[in-house]
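# Fold and contact review
Chain by chain, the residues:
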Amino acid sequence: MADVTLSIDGREVKAPAGATVLEAAQQAGLYIPTLCAHPDLKPYGGCRMCITEIERLRGFPTACTTPVTAGMVVKTNTPQLQQLRRNILEFLLTEHPHPCITCHRIELCGPGDICLRHVSVSERCVTCPKNKRCELKEVARYIQLPEMTLPYSYRGLPIENKDPFYDRDYNLCILCGRCVRICDEVVGASALAFTYRGSKALVGTAFGRSLEEAGCIFCGSCIDICPTGSIVERANRWAGLADRQVVTTCPYCGVGCQLRLFIKDDKIQRVKGEPNAPANMGRLCVKGKFGLDFIQSPERLTTPLIKKDGQFVAATWEEALSLIAQKLAPYKGIDQFAAISSAKCTNEENYLMMKFARAVMGTNNVDHCARLCHSSSVTGLGAVFGSAAMTNTNQGMLQSACFLVIGSNTTATHPVIGMKVRQAVKGGAKLIVADPREIPLCRDASIWLRQRPGSDVALLTGLARAIVDQGLEDKAFIAERCEDYEAFKASLAAFDLDTVEKLTGVAKADIAAAARLYATTKPAAILYAMGITQSSHGTDNVMAVANLAMLTGNLGKPGAGVNPLRGQNNVQGSCDMGALPNVYAGYQSVADAALREKHEKAWGVSLPARPGLTLVEMFNAAYEGKIKAIYMMGENPMVSDPDIGHVEEALKKLEFFVCQDIFMNETNQFAHVILPATSFAEKGGTFTNTERRVQLVRPALPALGQARTDWEIICQLAQRLGGQGFDFAGPAQVMEEMARLTPSYGGISHARLEKEGGLQWPCPTADHPGTPILHTERFTRGKGKFTALTYRPPTELPDADYPLVLTTARSYYHYHTGTMTRKVKDLNRIVGEGMVEINPADATKLAIQDGDWVEVTSRRGQARARAAVTGATPPGVITMSFHFAEANANVLTNPALDPQAKIPEFKTCAVKVAKAAVKVPA
Amino acid sequence: MASATDSIKEQMKELLIPYKGERGALIPILQKTQEKLGYLPEEAVEEIAKFLHISRNQIFGVMTFYAQFRLHPTGKNVVRVCRGTACHVKGGHRILLEVEKRLGVKEGQTTPDLNYTLETVACIGACALAPTMVINEETHGEMTMKKVEELFGDASKGDHHA
Ligand code: SF4
Ligand code: SF4
Ligand code: SF4
Ligand code: FES
Ligand code: FES
């Protein structure tokens, strides 16, 4: 849109058409006092602080709601305006009895000084957690309110302190409504509302319930946006002012939120979402906002440990490293060694780990937990598009007109992306949810398809069939951009909607309606996650998703795409870095002679050509005695992998097992040596988030105890084992080497990231701006490839002995194996145990009541947990998580593998459930 | 309790049939609900929230904005304790606290057996008799703790929570 020229306070100002007077002023660096306006929110016009005088407009229009027009003449600071503002503010302040606001000493006073006005401690701004950040005070200064003439009227409300994390003191609330609006407009939780009216008006919840009961997700958005001290982090209430700030990347999920850490005396005081970071635009979820206490947990490992006579004994680094080097040396070059890398660690560390396995140990046996989450996306999308990653961006979701969310409980697992979906739906986008479980997004959906667990190929191909039957396919896109369409079309013959209805349990009318909605509402984005990938036909599922998007031309465009939501903070990056048995960084095949030679030259060694073992295969090989030593960094397979009993047997057979981690966990107990690593807050490097955005991780705190960074440890070990090319000055230098060898990362460097913020790969050269959307002109592999698929049922179906299906799910309040989130007290206050979700119909049959202890048995093991009777889980199905080792679904899950991706079938296995015979103590 | 909740659920299901699940229907639905149930119980609000795809909190905001909506059922007897100046000077606040204690409810609430609704008023125009209160239509003046006990002594057995 064209720019508009206007005059503000005698200055000529340019602003884009459609901007408000306030935005125009702010862009020009002019200050207008505001209390209710905020860049993340829609214009509101509630507080009337931003009143102006505008020629030819009557009254005093508010700058935050008045759009600019050409030639407008605006005054923002006349004596009359200031007097009006003073009157309004004074009225506001009668209910905000903090006399420091009008006191000239406020900048000088410390919390311990004696107050000349005899203001009591609880009413002094200097002891308010928002001191020096209070926007109310800023406004009061600007409009020069020297003294209150009106009497104060104390609301006398008790502080609301029953919630986890939060204290709410509504005696300080000025009813600007920012918290209400952000929670509704942007977060989508709508946990707060204006209640009552007139002098009783207050912000609150329905029936005065706690925030938790009101549906709050403790994302902290209201805290961060409140201009006063009404809502604050309890832990930060009396903490004083931070002495420094560090911006870094969240260590939890693949959304890759940018966090601003406020630090005092080397302790993190509080965390705020970075406003202009494209990954999260200021938003966070509870884990990023409140989940970082684990960093300073007393349970952190702080010294190397060597197992002697079955006991771990503290050791020096020298002892530990020389022992490891001596023990690992015999396995060089004989393929009896495996390295397990980590999706929690940085790109640089993953690169070094795979280089260590290949160049030092001479084996391609390197893998990590991505095998368990998105390896089917890597194989599936790699085959049909040529790039295995999310095609579009987090923020781009706001441009989508339609979403198909399948096998992703987005608001729990990728909360900030979930917020975007909800925000788009609020703005009119359509949402189709396909999930056996009633996930929170079902509430926002136009259509909810409740397919049977494991029937996704049938459902997705049924949707494709319905699209073709209704003639809604994008013929031009198919003809120009894709191949193998005819074979695909022929394969649809097997998926008439009657058959699909039988296989999926979804009514054919709903399938047809969903197909029509998805195919006709453009751009449409598909979001998927573990519900699609974690299956013995995961690769087929992924290809079925890809077929659907190609069929409707929903690729290479803003707001469209195929979006595998990657789980861990750096699971995209650790795959990109080649911590996989068949590829180097950038998915360069180890079997390709030219690529191998390139790496041999760069690293000065000869490299093995045969692809190595995948994660589950490694444990099988260990069980069979073919793998004898494992070096593992930052993983916990004794909780995260399928059929844990088998993993345990395998680990016990190892001749030598080294772990490095930040905590003791269920797996490293079996190690011979444990090395203490630093947390994300104590090291530098990069993570690549789900939208392929490479972002900096910045050191914020000194290393705890003797902990060392993972990259240092790997390099030190490599050097002791005679490895060349491990003498790096720091992560930036590691990235330089990696970028030289990896075309898609070729233009990325720490220096650029520091200057420009995150970069999305492919970014081949130093002047390339990065690639927000994949496949815009052509697919990475040239043409998009349609795949003809056949339906295969899950490998283990319910039968007379094991009549129920177990599926797995995640909690919003916990992460993965719980090693980090279970160290955060208030998270466990909200969700403190793993439950077995069971449908009321099945519960009645089995005489199980809500809260009863139950035993769940599969062909592989037995788990105990308490039952949660809920209609969210469909009849015939139970749901468990793997956050809680003592109530872990993975004791039961099926290690049957997808033939291509080697991903295990976590999402379905057959079980039986019975009320526990003996009561298990909590 | 569960059965009461279930019955509200059932009644709400029926009540909501003629409406479209659109936000604009909120006020008419609230009115209809109050007509049917006498007030707007939390369970009913929950059902309306699900039906309209909006949060309970937002509905609560709307229903407390308009004076026409009641959050509590009205009891058989309505007790209004005066909070006017004269009564205040003569200890009306303590009378209110005592009545609250006896009935086991706060101002604006109704006893679980639906016998009493407790409210306050600004001044009932009988300042000479301060402190005062009105039970249904009948004025009681020169209230004392003792008198409160005489009036509500029975109620305190079954209802108070303290
Ligand atoms: S923390 Fe988030 S969800 Fe909770 S009330 Fe605040 S904005 Fe809403
Ligand atoms: S709590 Fe804060 S953000 Fe919310 S209305 Fe009050 S002052 Fe505004
Ligand atoms: S866990 Fe994910 S959504 Fe939550 S703050 Fe971290 S990156 Fe953001
Ligand atoms: S900032 Fe414009 S009215 Fe509040
Ligand atoms: S003040 Fe109580 S009756 Fe007038």
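Here the structure is a predicted model, which is why all the values come from computation and not from measurement.

## A word on the overall build of chain A
- When its secondary structure is counted, chain A shows 28 helices and 38 strands.
- Taken over the C-alpha trace, chain A has a radius of gyration of 29 Å; the compact-globule value for 922 residues is 29 Å, and the two agree within 12%.
- Within chain A, the fraction of its 922 residues that count as buried is 62%.
- Across chain A, the fraction of contacts at a sequence separation of at least 24, relative to all contacts at a separation of at least 6, is 72%.
- Accessible area for chain A stands at about 33200 Å²; split by element, carbon and sulfur atoms hold 53% of it.
- Averaging the locations of the 100 positively and 92 negatively charged side chains of chain A gives two centres separated by 3 Å.

## What about the site of ligand 3?
Residues and elements named next belong to chain A.
- Surrounding ligand 3, one finds C250, Y252, C253, V255, G256, C257, L284, C285, K287, G288, P415 and V416.
- Broken down by secondary-structure element, the contributors of at least two residues to the shell around ligand 3 are helix 6 (286-290) and helix 11 (415-426).
- Its residues placed into classes, the shell around ligand 3 shows nine nonpolar, two polar and one charged.

## A few points about the site of ligand 1
All names here are of chain A.
- Near ligand 1, the surroundings consist of 13 residues, among which Y166, C183, C216, C219 and C222 are the closest.
- Looking at the shell around ligand 1, the elements that each hand over two or more residues are helix 4 (178-187) and helix 5 (221-225).
- Looking at side-chain class alone, the shell around ligand 1 contains 11 nonpolar, two polar and no charged residues.

## Some thoughts on the sheet that holds strand 29 (residues 759-760) of chain A
Residues and elements named next belong to chain A.
- Strand order in this open sheet of three strands is 27-28-29, and the pairing throughout is antiparallel. Lying at the two open borders of the sheet, with one neighbouring strand each, are strand 27 (685-688) and strand 29.
- Note: strand 28 (residues 693-697) against strand 29, two bridges, orientation antiparallel. Residue R693 lies in a different strand from strand 29, and its bridge partner there is Q760.
- Set on the sheet, helix 8 (residues 347-360) makes contact with strand 27 and strand 28; between it and strand 27 the angle comes to about 95°.

## Description of the side chain of N839(A)
Residue and element names in this part refer to chain A.
- Its place among the elements puts N839 in the loop between strand 32 (835-838) and helix 28 (840-845).
- A distance of 2.9 Å separates the side chain of N839 from the backbone nitrogen of A841, its partner in a polar contact.
- Each residue touching N839, except ones within four places of it in the same chain, is listed here: V869, T870, G871, T873, P874, P875 and V877.

## Things to note about the domain arrangement of chain A
- Split into domains, chain A comes out as domain 1 (3-142), domain 2 (166-296), domain 3 (305-373 + 570-683 + 692-760), domain 4 (391-564) and domain 5 (804-915).
- One C-alpha centre belongs to domain 1 of chain A, the other to domain 4 of chain A; they are set 47 Å apart.

## Comments concerning helix 12 (residues 456-469) of chain A
All names here are of chain A.
- The end-to-end C-alpha distance of helix 12, which contains 14 residues, comes to 19 Å, matching closely the 20 Å that a straight helix rising 1.5 Å per residue would cover.
- Burial within helix 12 is extensive, with 13 of its 14 residues counted as buried.
- Residue G471 follows helix 12 closely and has a positive phi angle near 65°.

## A closer look at the sheet that holds strand 1 (residues 3-8) of chain A
Residues and elements named next belong to chain A.
- The four strands lie next to each other as 2-1-4-3, forming an open sheet whose pairing is mixed. The sheet is open, and its two edges are formed by strand 2 (11-16) and strand 3 (53-54), each paired on a single side.
- Of the strand pairs in this sheet, strand 1 and strand 2 are connected by six bridges, and their pairing is antiparallel. Paired with I8 across the strands is R11, a residue of strand 2.

## With respect to the pattern of salt bridges
Residue and element names in this part refer to chain A.
- Enumeration according to the criterion identifies 50 salt bridges over all chains in this entry.
- Residue K426 pairs with D184 through a salt bridge whose shortest N-O separation is 3.1 Å. A residue pair is termed long-range when its members are at least 10 positions apart, and K426 in helix 11 and D184 in helix 4 qualify at 242 residues.
- Between K626 and E624 there is a salt bridge; the shortest N-O distance is 3.0 Å.
- Judged by its relative accessible area of 54%, K626 falls in the exposed class.
- Residues joined in a network through salt bridges with shared partners are E796, D799, R859 and R860.

## Let's talk about the interface of chain B and chain A
- Each side of the interface is counted separately: chain B has 16 residues, and chain A has 18 residues.
- Between chain B and chain A lies a buried interface of about 1500 Å² when both sides are counted; carbon and sulfur atoms form 54% of it.
- Contact with chain A buries area across many residues of chain B, yet E42(B), N57(B) and F60(B) alone supply 40% of it, more than any other trio.
- The tally of links from chain B across to chain A stands at one salt bridge.
- Close ionic contact of R209(A) with E42(B) constitutes a salt bridge, the shortest N to O distance being 2.7 Å.
- At the boundary of chain B with chain A, the tally comes to 11 residue pairs in polar contact (both at pLDDT 80 or more).

## Looking at the pairing of strand 16 (residues 402-406) of chain A
All names here are of chain A.
- Most of strand 16 sits inside the fold, with five of its five residues counted as buried.
- Of the two faces of strand 16, the one carrying C402, L404 and I406 and the one carrying F403 and V405 are both buried.
- Bridging between strand 16 and strand 17 (residues 430-434) involves five bridges; their strand directions are parallel. Its bridge partner being in strand 17, F403 is matched across the sheet by L431.
- Pairing between strand 16 and strand 20 (residues 524-528): five bridges, direction parallel. For C402, the partnering residue across the bridge sits in strand 20 and is A524.

## Quick word on the state of the cysteines
Residue and element names in this part refer to chain A.
- The final tally for this structure, using the stated rule, is zero disulfides over all chains.
- C442 carries a free sulfur, and the closest cysteine sulfur to it, the one in C402, is 15 Å from it.
- Note on C442: relative accessible area 9%, which makes it buried.

## Comments concerning the environment of V148(B)
Residue and element names in this part refer to chain B.
- For V148, the position within the fold is in helix 7 (residues 145-159).
- A residue is classified by how much of its surface remains accessible, and V148, at 0% relative accessible area, is buried.
- The spatial distance from the C-alpha of V148 to the C-alpha of L96 is 9.5 Å, given a sequence separation of 52 residues.
- Among all residues touching V148, those that are not within four sequence positions of it are I95, E98, V99, R102, M133, M143 and G153.

## So, the packing of aromatic side chains
- All told, the structure shown has 22 aromatic pairs over all chains when counted by the stated rule.
- Look at F356(A) and Y631(A): their rings are 5.4 Å apart centre to centre, the planes differ by 75°, and that puts the pair in the edge-to-face class. Here the residue F356(A) occupies a position in helix 8, and Y631(A) occupies one in strand 24 (residues 629-633), the gap between them amounting to 275 residues.
- With a relative accessible area of 0%, F356(A) lands in the buried category.
- Taking the centre distance of 6.4 Å and the plane angle of 85° together, the rings of Y66(B) and F69(B) count as edge-to-face.
- You can call Y66(B) partly exposed: its relative accessible area is 32%.
- By relative accessible area, F69(B) is classed as buried at 7%.
- The ring centre of F726(A) lies 4.9 Å from the NZ or CZ of K355(A), which sits over that ring.

## A look at the side chain of K683(A)
All names here are of chain A.
- With respect to the helices, strands and loops of the structure, K683 is situated in the loop between strand 26 (673-676) and strand 27.
- Looking at K683, the relative accessible area reads 4%, which means it is buried.
- A polar side-chain atom of K683 sits 2.9 Å from a polar atom in the side chain of E349.
- Within the structure, K683 has its side chain in polar contact with the side chain of D710 (distance 3.1 Å).

## Some words on helix 24 (residues 710-720) of chain A
Residues and elements named next belong to chain A.
- Turning to helix 24, its buried residues are D710, W711, I713, I714, C715, L717 and A718.
- Where the residues of helix 24 are buried, they touch helix 7 (317-328), helix 8, strand 24, strand 25 (656-661), strand 26 and helix 25 (731-741).
- Positioned one or two residues after helix 24, G722 has a phi angle of 85°, which is positive.

Definitions and cut-offs
- Residues numbered from 1 in each chain as written.
- Chains lettered and ligands numbered in written order.
- Predicted model: local features only at pLDDT ≥ 70, side-chain atom pairs only at ≥ 80, totals over all residues.
- Heavy atoms only, no water.
- Helix = DSSP H or I, 4+ residues; strand = E, 2+ residues; numbered from the N terminus.
- Rg over C-alpha atoms; globule rule 2.2 N^0.38 Å.
- Buried < 20%, exposed > 50% of the residue type's maximum accessible area, 1.4 Å probe, protein only.
- Contact = heavy atoms within 4.5 Å.
- Areas by Shrake-Rupley, 256 points an atom, 1.4 Å probe, with all protein chains shown as cover.
- Lys, Arg positive; Asp, Glu negative; His and termini not counted.
- Charge placed at Lys NZ, Arg CZ, Asp CG, Glu CD.
- Near = heavy atom within 4 Å.
- Nonpolar A, V, L, I, M, F, W, Y, C, P; charged D, E, K, R; others polar.
- Pairing = 2+ DSSP bridges.
- Axes fitted to C-alpha atoms, helices over the stretch in contact; angles between N-to-C directions.
- Polar contact = N/O pair within 3.5 Å; in protein donor to acceptor, adjacent residues only side chain to side chain.
- Domains from an automatic or database assignment.
- Expected span 1.5 Å × (residues − 1).
- Salt bridge = Lys/Arg side-chain N within 4 Å of Asp/Glu carboxyl O.
- Buried area = accessible area lost by both parts, 1.4 Å probe.
- Disulfide = S-S within 2.5 Å.
- Phe/Tyr/Trp six-rings, centres within 6.5 Å; stacked < 30°, edge-to-face > 60°.
- Lys NZ or Arg CZ within 6 Å of the ring centre and 35° of its normal.

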